[in-house]
Amino acid sequence: MLLWCPESPRQLVAHGRLEEAGKVLMRIYPASSPSQRAAKIRSIEMSIHEATSSVAQESLWVSFHRIFTTPATGRAVLTASLVMAISQLGGFNTLMYYSATLFAIVGFTNATAVAITVSGTNFVFSVVNLLLVDKFGRRILLCISTLGMSICMLIAVIAFRWIPIDTSTLTLEKGADVGWAGILVLVTIIFYVAFYSSGVATIAWIGTELIPLEVRALGTMVNTVTCWSTNIIIASTFLSMMKGMTPSGAFGFYCGICFVGWVFIVICYPDVKGMPLETIRDVFRHGFGRKYSKQWQREHEHERQEAQQSFGH
């Protein structure tokens, strides 16, 4: 599919390939006029010059240090990285890595088929996110999905209390019947995956749009390191937590992470729907920018609607 993917206009402009950038803008926004495309290219040039002129001669270490010494940049990277951490520490990958084991524990004989059902749910609702994220915005999807994940994990905690599991072997006790509790766990996990995939799973990666251009490569690196370091923690501790804390305790831990993540998103996460990249960099100059981004969107709503017809961002 990459054969049909155009190069980023900003990348082309940064390398002086203005004619190619104009062609890409024409492809992305076919209803735009030549003057609109020329104005957009000039805007991109100014933004790139502003972002890179002061850091062009900086070493990699100085640029990395900038992330932690510039408050606005630090808040942007922190926000993106925390959402990524929530996407991993919330427990989703335990379902991916150990789904067959987990469903065998609660009494499903064809655990692999159930695991495939969970993966299918993940795929379908990732497409749902693709359709909704630019229509409703990142913030509302994150608020709904992380709260939904927390509630689902809470229900799983309660259901596991009714399933007799030998925590030393992580198997059902002999002669035990899981009944309604096992079915409830399965349904709850499917709903959990639906919430996860339609929200934080994808938006955690989109979050790199929050990071200013001059440190975006390094900020993306920090975001990716956050992803896999927290993934290692979850993957390596799940079975030990199931044995040491009981299944209810383990899923209660994930429930708490999801809830804390929801609180952070409600208080701090700004919605940058419809905002061009050149404007997003200003958001975190006003704290975490939640109120600023909301005010900007209200003030530019008419312009945004007009832009979507010919030259949307």
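Predicted, not measured: the structure shown is a model, and the values here were computed from it.

K.L.:
Just to check I follow, could you spell out the overall build of the chain for this structure?
P.N.:
The secondary structure content of the chain amounts to 14 helices and two strands. Principal-axis analysis of the C-alpha atoms gives the chain an extent of 75 × 40 × 35 Å. Counting across all 313 residues of the chain, residues that qualify as buried make up 46%. Partitioning the intrachain contacts of the chain with sequence separation of at least 6 by distance along the chain shows that 72% fall at a separation of at least 24. Within the structure as shown, the chain displays about 15900 Å² of accessible surface, and the carbon and sulfur contribution to it stands at 65%. Of the charged side chains in the chain, 24 are positive and 19 negative, and the gap between their average positions amounts to 3 Å.

K.L.:
Please clarify how the packing of helix 8 (residues 138-160) against helix 11 (residues 216-268) should be interpreted in this entry.
P.N.:
The axes of two packed helices give the description: the angle between them and the distance between them. Direction vectors running N to C along helix 8 and helix 11 enclose 160 degrees, while the axes themselves pass 8 Å from each other. In this view, helix 8 runs roughly antiparallel relative to helix 11, as classed from their interaxial angle. When the axes of helix 8 and helix 11 are compared, the crossing they make is left-handed. Within the contact between the two elements, helix 8 uses Arg139, Leu142, Cys143, Thr146, Leu147, Met149, Ser150, Met153, Leu154, Ala156, Val157 and Phe160 and helix 11 uses Pro247, Ser248, Phe251, Gly252, Tyr254, Cys255, Cys258, Phe259, Trp262, Ile265 and Val266. Among the residues forming the contact of helix 8 with helix 11, the class breakdown is 18 nonpolar, four polar and one charged.

K.L.:
I would appreciate a short explanation of the domain arrangement of the chain in the present structure.
P.N.:
A common way to report how large an interface is uses the accessible area buried once the components associate. Here the chain is described as being made up of domain 1 (1-32) and domain 2 (71-268). Taking only C-alpha atoms into account, the centre of domain 1 sits 36 Å from that of domain 2.

K.L.:
Mind showing me how you'd approach the environment of Pro71 here?
P.N.:
Mapped onto the fold, Pro71 is located in helix 5 (residues 71-89). Classification of Pro71 as exposed rests on a relative accessible area of 54%. Taking the C-alpha atoms as reference points, Pro71 and Ser32, separated by 39 residues in sequence, lie 37 Å from one another.

K.L.:
Just to check I follow, could you spell out the packing of helix 4 (residues 60-69) against helix 5 for this structure?
P.N.:
For the pair helix 4 and helix 5, the least separation of the axes is 5 Å and the interaxial angle reads 85 degrees. With respect to each other, helix 4 and helix 5 are oriented roughly perpendicular. Touching Arg66, Ile67 and Thr69 of helix 4 are Pro71, Thr73, Gly74 and Val77, all from helix 5. Class assignment of the residues belonging to the contact of helix 4 with helix 5 gives a composition of three nonpolar, three polar and one charged.

K.L.:
Quick question: what am I supposed to make of the pattern of salt bridges here?
P.N.:
Close approach of charged atoms allows side chains with opposite charge to pair. A complete count under the given rule lists five salt bridges for this structure. Taking the shortest distance from any N to any O, the salt bridge between Glu20 and Arg17 comes out at 2.9 Å. With its nearest N and O atoms 2.8 Å apart, the salt bridge here joins Arg138 to Asp134. Taken together, the salt bridges that share partners define one network made up of Asp134, Arg138 and Glu209.

K.L.:
Can you walk me through the packing of aromatic side chains in this structure?
P.N.:
How two aromatic rings sit relative to each other is set out by the distance from centre to centre and by the angle between their planes. Here the structure, examined in full by the defined rule, presents 13 aromatic pairs. Here the aromatic rings of Trp162 and Trp180 are separated by 5.8 Å at their centres, their planes lie at 55 degrees, and the arrangement is tilted. Placement of the pair is Trp162 in the loop between helix 8 and strand 1 (165-166) and Trp180 in helix 9 (residues 179-198), with a sequence separation of 18 residues. Each ring, one from Phe259 and one from Trp262, has its centre 5.7 Å from the other, and the planes form 35 degrees; the classification is tilted. Here Phe259 pairs with Trp262, and both are found in helix 11, just three residues apart, close to one helical turn. Judged by its relative accessible area of 41%, Phe259 is partly exposed. Residue class for Trp262 comes out partly exposed when judged on its relative accessible area of 24%. Connected via pairs of aromatic rings, a cluster forms that spans Tyr98, Phe160, Phe238, Phe251, Phe253 and Tyr254.

Cut-offs and rules
- Residues numbered from 1 in each chain as written.
- Predicted model: local features only at pLDDT ≥ 70, side-chain atom pairs only at ≥ 80, totals over all residues.
- Heavy atoms only, no water.
- Helix = DSSP H or I, 4+ residues; strand = E, 2+ residues; numbered from the N terminus.
- Buried < 20%, exposed > 50% of the residue type's maximum accessible area, 1.4 Å probe, protein only.
- Contact = heavy atoms within 4.5 Å.
- Areas by Shrake-Rupley, 256 points an atom, 1.4 Å probe, with all protein chains shown as cover.
- Lys, Arg positive; Asp, Glu negative; His and termini not counted.
- Charge placed at Lys NZ, Arg CZ, Asp CG, Glu CD.
- Axes fitted to C-alpha atoms, helices over the stretch in contact; angles between N-to-C directions.
- Parallel < 35°, antiparallel > 145°, perpendicular 65-115°, else oblique.
- Left-handed = near helix turned anticlockwise from the far one by under 90°.
- Nonpolar A, V, L, I, M, F, W, Y, C, P; charged D, E, K, R; others polar.
- Domains from an automatic or database assignment.
- Salt bridge = Lys/Arg side-chain N within 4 Å of Asp/Glu carboxyl O.
- Phe/Tyr/Trp six-rings, centres within 6.5 Å; stacked < 30°, edge-to-face > 60°.

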